[in-house]
Amino acid sequence: MSLRLTKGGRLIDRSKPLGFRFNGQPMHGFAGDTLASALLGAGQAMVGRSFKYHRPRGIVASGVEEPNALLGLGTGARFEPDQRATTTELFEGATTTSQNHWPSLKFDVGAINDKLYRLFPAGFYYKTFMFPRFAWKHVFEPIVRQSAGLGEVPKDADVDRYEQAYGYCDVLVAGGGVAGLAAALEAGRKGQRVIVLEQTPHWGGRAMVDGGQIDGHDAADWVAAALAELKAMANVSLRNRTMVSGVFDHGYVIGYQRVGDAEPGSDKPRHRLWRIRAGQIVVASGAIERPISFAGNDLPGVMLAGAVRDYIMNWAVAPGQRLVVVTNNDDAYRTALAALDAGLEVAGVVDAREAASGPLIDAVKARGVRVYEGHGIAKVKGRAEVTGVELCRQAGEGTVVMELACDAVAMSGGWSPAVHLWSHCGGKLFWDEAAVMFRPDHARPPTGADGEAMARIVGAADGKLRLCEIMEEFGLGAVADEESAIEPVWLMPARAPDALRFKAFLDYQNDVKVSDVQLAAREGYESVEHTKRYTTLGMATDQGKLSNINGLAILSDALGRPIPATGTTTFRPPYTPISFGAITGEARGELFQPLRRTPIQGWHAARGAHWEPVGQWRRPYCYPRSGEAHGDAVKREILTTREKVGMLDASTLGKIVVKGPDAGRFLDMLYTNLMSTLPVGKCRYGLMCNENGFLMDDGVVVRLSEDSWLCHTTSGGADRIHGWMEDWLQCEWWDWKVYTANLTEQFAQVAVVGPKARAVLEKLGGMDVSKEALPFMTYVEGELGGFRARVFRISFSGELSYEIAVPTSEGLAFWEAVAEAGAEFGITPYGTEALHVMRAEKGFIMIGDETDGTVIPQDLGLGWAISKKKEDYLGKRAQQRSYMTDPDRWKLVGLETLDGSVLPDGVYAVDAGHNANGQRNVQGRVTSTYFSPTLGKGIAMGLVRRGPDRMGEVLDFPGDNGAIHKARIVDPCFYDKEGEKANV
Amino acid sequence: MGMRRYSMFAVAREALRFHAGWERAWKSPEPKSHYDVIVVGAGGHGLATAYYLGKVHGIRNVAVIEKGWLGGGNTGRNTTIIRSNYLQDPSAAIYEKARSLYEDLSQDLNYNVMFSPRGLLMLAQSEHERRGYQRTVYANNLQGIETEWITPQKVKELVPILNIEGPRYPVLGALYQERGGTARHDAVAWGYARGCSAMGMDIIQQCEVTGVRTEGGKVVGIDTTKGAIGCSKLAMVVAGHSSVLAEMAGFRLPIESMALQAWVSEPIKPAIDVVVMANLVHGYMSQSDKGELVIGGGTDGFNNYTQRGSWHHVEETTRALVETFPIISRLKMLRQWGGIVDMTGDRSPILSKTPVENIFVNCGWGTGGFKSIPGSGWAMAELVAKGEPGPLAAEFGLIRFREGRFIDESVAAGVAH
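Residues numbered from 1 in each chain as written. Chains lettered and ligands numbered in written order. Predicted model: local features only at pLDDT ≥ 70, side-chain atom pairs only at ≥ 80, totals over all residues. Heavy atoms only, no water.

(A) Seen up close, the domain arrangement of chain B. Residues and elements named next belong to chain B. Taken domain by domain, chain B comprises domain 1 (28-83 + 87-109 + 185-254 + 346-413) and domain 2 (120-178 + 257-343). Each side of the interface is counted separately: domain 1 has 29 residues, and domain 2 has 31 residues. Taken over both partners, the interface formed by domain 1 and domain 2 buries close to 2,300 Å², and the fraction arising from carbon and sulfur atoms is 57%. Sorting the residues of domain 1 by area buried against domain 2 places Arg77, Thr79 and Leu87 first, and these three jointly supply 26% of that buried surface. Scanning the region where domain 1 abuts domain 2 turns up zero salt bridges. Put simply, domain 1 and domain 2 have eleven residue pairs in polar contact (both at pLDDT 80 or more) between them. Broken down by element, the residue count for the side of domain 1 that touches domain 2 peaks at four residues, all from helix H3 (residues 89-109). Broken down by class, the residue content of the side of domain 1 that touches domain 2 amounts to 13 nonpolar, ten polar and six charged. (Domains from an automatic or database assignment. Contact = heavy atoms within 4.5 Å. Buried area = accessible area lost by both parts, 1.4 Å probe. Salt bridge = Lys/Arg side-chain N within 4 Å of Asp/Glu carboxyl O. Polar contact = N/O pair within 3.5 Å; in protein donor to acceptor, adjacent residues only side chain to side chain. Helix = DSSP H or I, 4+ residues; strand = E, 2+ residues; numbered from the N terminus. Nonpolar A, V, L, I, M, F, W, Y, C, P; charged D, E, K, R; others polar.)

See below:
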């Protein structure tokens, strides 16, 4: 039973009470409380149930290491599971719920597991649940899944906002305790750009609670003065509530700032993710106290000694009225003193050391508290709360020598430096036998690109637990109490029997006990990584902050090897969990990815375009009229275009200008065709292959002038192809004089297509677009209808066709001018589907349809586009390999069903028999298939083994539900084979 | 050599004596002077190779040599997805062999690897993807693999937390493999290790290979940090470091190595039963039995051995998943890690003889290693035992790079997983 003390509490403001709810029950705390201190202050010791045994669990810690106090917070679209109560600031109206129990926190059916604990040791599930086979999926696993998992699943989409920001500094200080502040002062005074990040709302770290003197002042006063000086420096920025989440290569640091967490519904972003590039990182992240392993060390009311001190002094909360302190070091005596100062009773200090002395111990004894030297706790008594402890000799097997009545236990197994950030990017550790801790090895720091240390580690994180040690590094004198040496205590009592070891918890949240680690060792899971994974030690939401060192000490002992031979598991980011919202930032919903718009986008939208995503563009698939089905719209668009005239927004087409004295030579390497000989003003259809010879992009190349070419690419390929060009220019042919510029967004492009296309352009006027002046596959630049325009005579539909590029700013006006001029000819806008069908009717290939990364141009009957005159081009050598020249390769053909129906998309042509792996043999497949409104029947393109040699053969294509589609191999060009329509 | 069988009764019996009677899952022997076969690499693939060498081919004088701890490479770092909905015949064959072995693996190994055929979805969010997946369904049906094309409404029924309506990339349907799913990755390595050990094979951990001994173009043994060990055949199964080991034997491999990342959320109650892959936006997610959402990212754009990976991948993939599953925004990332994957030019594996006689190599599984473990081990064991590839491995030889006979899956799955 805990309660709020009437005096003290340096962080709370008693004039500002705050109401909140826990499991529906109204409670109150004060401004400055955490959820944890408020719950303790309201007398709520039990806050949740453990993962596996559903044991009652209370608050253990006061900071990021807390494994138990995870709550559901908020409601509806602001509900969040697994909220750590010790690091969440209390706010008015906070709604909290405990987790992992049914039907209630007090009475939990799952607690039956605790009674049956012996049946559920580490890894029991690897040995069971195997029979009958189906039972794992249908019976056992659903039970496991339902009883595991902690928090409830949010029901609604998050309504809060998140931000991301960048920072740059010479020195980034992670941690705003005295060591961090001293390091910041040092750098700040030198004029370096400094960023200091502190995860809590408060500065000064443990020194604010533990006291001592720095530079002749009380620690708290020194902190205040240091903060004042730092705040006055323009080159220093201080950010509290901001945790360093991870340290990455090259001084890249991710910071996690909790901005509006305590003000739900305000206009502030909830979290802000900082991406900081730091010249040097100073790790000043402090240390984390270790629990001690004794039976019942997980009962609500058993807490870390440092946390007990924090709750008393920071928040004026007493975790109990009558405390027992259990320790292997002097620091815990500070807790006894703090408790006595707060008017609480200390029933005794149980010190596992046989003989320890020093001013702290003397001070406690002087207050009349008995110190039980050489003793340990055999067992904590109580069911859901502490009622007392049984004492035993630490060196023995747990024979109870006496009982102490108490309602809280403060334990300290010593402190472990928080070396996580040092280790994220490769900093190494060493085991300090005397100090009983893993410490950073300064000789093996994380290194930057220059091979020099990119991080420095200071303060308690460096294993310096006493104020005078910490400040010495900064040339500051400090005074702290003398302390006698810590002694390692990994198990209490040292020879605890099974019955005690099965109740001595290492990982509270995951219910890993001393006995589990010993079982893992016995079964051969000897690597610390094996033990971790077998027992789940350290895999809970605290990531082993409390349990790892104790666990690996138990493991080492079980294996009879020294602790450094066992080593630690890998420290991975984030330091504590960070929200997916923060990682996502503003890139959600409409801003998820940039939406690229052509200047004509609005016009399409106003005409009710049905959209198709193409890369980051959205293109009209078709323009259905009111009540018109998509398929009918496509059909209408095609027929109108073929019979009269259509217009297409082709602005998304890639447009890359390649320029320079070596541009021709470069394009000759890039394309299979010869581009250097293309006369100025002419267009040529080009193919691009990768090094393996596979066709990767196509498009019309236009020679604009003596030294510049315009390369059209596919809509989806523009950025990739531009990157591809630059890759070759920058990495391989860096001495070639070539520049490339991706002008895709600088030009709008409109295709005017159909028998009346020329008439439309003539009506626009201003340019001679006759066959003589502008023959097929040529281009001219000039004025068309008052617009500056590049006009290309190219066709992807088989019709008379012009593609006109105008500056993007004039794109919409030009489009509207075309629409107006075309009105009298019955012009229609058409979408991507009509484009696809018309090209298929002509037998033109489409990258991504006829190609899939395994197809070479020779497969597609495009041998004519491969220059025989060139010595080399990308993919040439690859195309000469034996498999590429195999006559059995699948090659492009047209396919027609016998009944005129449309072949399903993606079906395969089967062959007789099965291969050695029992798979049905196949001999071809459909690559594109459409209903052709022009021909009034289904048409398809496909790749078939030796296809062009097999014209007229009928193949079987198994479809859905056992249907076999029969289709005849035909020429892939279904429409205007002689090409007369385009060339008029 | 036997091992005590695991069962619910055995656990109950042991419970009475505080589990004091369990024996080692695998022994920890010193190396002998000579083995018929040495497998280098005690990851899933290496252990499975050894296991099937013994079980199928009766070759039991086998050592599995491991530099670190068994299962500590990519076997213990992946996102545990199992599927066989591949497009090309050779891939489909070996991944389906693996998937079908996974079905019975717990019973075969007497170790619960928790294979959970919870179903796997690949979302189609563009016309291009839709067509690609429909093609895959037709291919799979001819390959004897059960997959189907399902509607957006069926997707929503299977995964209620999935936003099928965009706004940017509405779900057009999905490629669904009902018998795809997940398994417990560590357990796969441990179960195989236990099975190997029970057959009398030696698993030697903390033993790094420092050299490969050959005589007259044939392998005769290896040098290790625990001394020289002779062998008649050598199987290299060391994803992430294949090139390094091959160099010791004097040949080069067409492999690049780079970091691939994964991360998990804090545990929550069951939210998603099915494995969902959203390849267009580069994200995939499932939920572990422990309750964590398991998420995989992309490979780094440059070669490295850091086992860390670049942060921007985390942002890119998390964004994709928050977009796909809007309720996860307020959940938190618990842990992020990386592994080193071997990448070949066609992103398909190598199971092959090598220029050195009696050295065989198994590598290049890229981002698809875990799901293939049993099939890979099966095919590799056959290759090592017979000296020639069987039908499963036949197409995966090194020769294919010389011939241009690639097995390219990029059309079917544009994203790492």
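(B) Quick peek at empty space enclosed by the protein. All names here are of chain A. With the rule as written, the count across this model stands at eleven cavities of 30 Å³ or more. One number sums up the size of the largest cavity: a volume of about 300 Å³. Considering the residues around the largest cavity, the lining is formed by 25 residues, among which His420, Gln543, Gly544, Asn548 and Phe571 are closest to the centre. When contributions to the lining of the largest cavity are tallied by element, the ones reaching two or more residues are strand E27 (415-417), helix H11 (420-424) and helix H16 (548-559). If one sorts the elements of the lining of the largest cavity by residue count, H16 sits on top with three residues. (1 Å grid on protein atoms, 1.4 Å probe; cavity = no way out; pocket = protein on both sides within 12 Å on 5 of 7 lines; lining within 4 Å. Points joined across faces, edges and corners; volume = space filled by probe spheres on them.)

(C) Spatial organisation of the confidence of the model for chain B. All names here are of chain B. Averaged over all residues, the pLDDT of chain B equals 94, while 98% of them reach at least 70. Throughout residues 412-417 the model reports pLDDT below 50, and contacts reaching past four residues in sequence, or to other chains, amount to 25 contacts. Interface confidence for the predicted complex, given as ipTM, is 0.96, next to a pTM of 0.95. (pLDDT = per-residue confidence, 0-100.)

(D) Region of the structure containing the packing of helix H14 (residues 514-522) of chain A against H16 of chain A. Residue and element names in this part refer to chain A. At a minimum axis separation of 9 Å, H14 and H16 run at an interaxial angle of 45 degrees. Here H14 lies oblique to H16, going by the angle between them. Note on packing geometry: the crossing formed by H14 with H16 is right-handed. Packed against H14, whose contacting residues are Val514, Val517, Gln518 and Ala521, the element H16 presents Gly551, Ile554, Leu555, Ala558 and Leu559 at the interface. For the contact of H14 with H16, the per-class residue count stands at seven nonpolar, two polar and no charged. (Axes fitted to C-alpha atoms, helices over the stretch in contact; angles between N-to-C directions. Parallel < 35°, antiparallel > 145°, perpendicular 65-115°, else oblique. Left-handed = near helix turned anticlockwise from the far one by under 90°.)

(E) Main features of the packing of aromatic side chains. Following the criterion strictly, the structure yields 43 aromatic pairs over all chains and no others. Centre to centre, the rings of tyrosine 126 of chain A and tyrosine 534 of chain A are 5.6 Å apart; their planes meet at 15 degrees, and the pair counts as stacked. Residue tyrosine 126 of chain A is found in helix H3 (residues 124-127), and its partner tyrosine 534 of chain A is found in helix H15 (residues 528-535); the two are separated by 408 residues along the sequence. Pairing tyrosine 525 of chain A with tryptophan 26 of chain B gives two aromatic rings, centres 5.0 Å apart and planes at 75 degrees, and the pair type is edge-to-face. With tyrosine 525 of chain A in the loop between H14 and H15 and tryptophan 26 of chain B in the loop between helix H1 (8-15) and strand E1 (34-40), this residue pair bridges two chains. Per residue, the accessibility class of tyrosine 525 of chain A equals that of tryptophan 26 of chain B, and both read buried. Over the ring of phenylalanine 18 of chain B we find arginine 118 of chain A, and its NZ or CZ is 3.9 Å from the ring centre. (Phe/Tyr/Trp six-rings, centres within 6.5 Å; stacked < 30°, edge-to-face > 60°. Buried < 20%, exposed > 50% of the residue type's maximum accessible area, 1.4 Å probe, protein only. Lys NZ or Arg CZ within 6 Å of the ring centre and 35° of its normal.)

(F) Just the UniProt feature "domain: FAD/NAD(P)-binding" (unreviewed entry) in chain A, in detail. UniProt annotation of "domain: FAD/NAD(P)-binding" (unreviewed entry) refers to residues 170-422 of chain A when read in the numbering used here. The distance separating the terminal C-alpha atoms of residues 170-422 of chain A is 17 Å; by composition the span is 25% helix and 37% strand. (UniProt positions renumbered as here; feature names shortened; annotations may be inferred.)

(G) Geometry of the sheet that holds strand E3 (residues 25-31) of chain A. Residues and elements named next belong to chain A. Spatially, five strands are ordered E3-E2-E8-E6-E7 in an open sheet, and the strand pairing comes out mixed. If you trace the sheet from one side to the other, it starts and ends with E3 and strand E7 (80-84), each paired once. With strand direction ignored, the average angle separating the axes of adjacent strands in the sheet is 40 degrees. Note: strand E2 (residues 13-22) against E3, seven bridges, orientation antiparallel. Bridge assignment links phenylalanine 20 to a residue of E3, and that residue is methionine 27. (Pairing = 2+ DSSP bridges.)

(H) Main features of helix H10 (residues 359-366) of chain A. All names here are of chain A. Among the residues of H10, Leu360, Ile361 and Val364 are the ones counted as buried. Along the axis of H10, the buried residues cluster in a sector spanning 100 degrees; they form a single face. Against the buried residues of H10 lie helix H9 (332-341) and strand E21 (345-351). Backbone geometry just after H10 places glycine 368 at a positive phi near 85 degrees. (Arc of directions from axis to C-beta.)

(I) Layout of the nonpolar core. Membership of the largest hydrophobic core comes to 257 residues, with the highest contact counts inside it found for Leu172 and Phe294 of chain A together with Tyr192, Trp311, Phe325 and Ile328 of chain B. The element contributing the most residues to this core is H3 of chain B, with eight residues. Contact partners of isoleucine 328 of chain B, with chain neighbours within four places excluded, come to Phe580 of chain A together with Met285, Leu293, Leu321 and Val322 of chain B. Counting residues in each nonpolar core, the second largest holds 33 residues, with Tyr35, Leu234, Phe251 and Ile350 of chain B among its members. (Core = buried A, V, L, I, M, F, W, Y, C linked by side-chain atoms within 4.5 Å.)

(J) Structural view of the interface of chain B and chain A. Counting residues at the interface gives 112 residues for chain B, matched by 128 residues for chain A. For the pair chain B and chain A, the summed buried surface comes to about 10,600 Å²; carbon and sulfur atoms form 55% of the total. Ranking the residues of chain B by area buried against chain A places Phe18, Arg168 and Arg330 of chain B at the top, with a combined share of 9%. Scanning the region where chain B abuts chain A turns up 14 salt bridges. Linking arginine 533 of chain A and aspartate 186 of chain B is a salt bridge whose minimum nitrogen-to-oxygen distance equals 2.8 Å. At the junction of chain B with chain A, the criterion picks out 68 residue pairs in polar contact (both at pLDDT 80 or more).

(K) Quick look at the environment of glycine 811 of chain A. Residues and elements named next belong to chain A. On the secondary structure map, glycine 811 appears in helix H24 (residues 811-822). Placed 24 residues apart in sequence, glycine 811 and phenylalanine 787 show a C-alpha to C-alpha distance of 9.4 Å. In contact with glycine 811, other than residues within four places in its own chain, are Pro599, Ile600, Ala748 and Val806.

(L) Just unusual backbone geometry, in detail. In this chain, tryptophan 102 of chain A is followed by proline 103 of chain A through a cis amide linkage whose omega measures 5 degrees. Locating proline 103 of chain A in the fold gives a position in the loop between strand E8 (94-97) and helix H2 (112-115). A cis amide bond, omega -5 degrees, links proline 573 of chain A with the succeeding residue proline 574 of chain A. Its location among the elements puts proline 574 of chain A in the loop between helix H17 (563-566) and strand E34 (578-579). Even without a glycine there, the phi angle at histidine 250 of chain A is positive, about 60 degrees. Of note in the backbone geometry, asparagine 110 of chain B takes a positive phi value of approximately 55 degrees without being a glycine. Of note, asparagine 110 of chain B is situated in the loop between H3 and strand E4 (120-124). Its relative accessible area of 1% is what places asparagine 110 of chain B among the buried residues.

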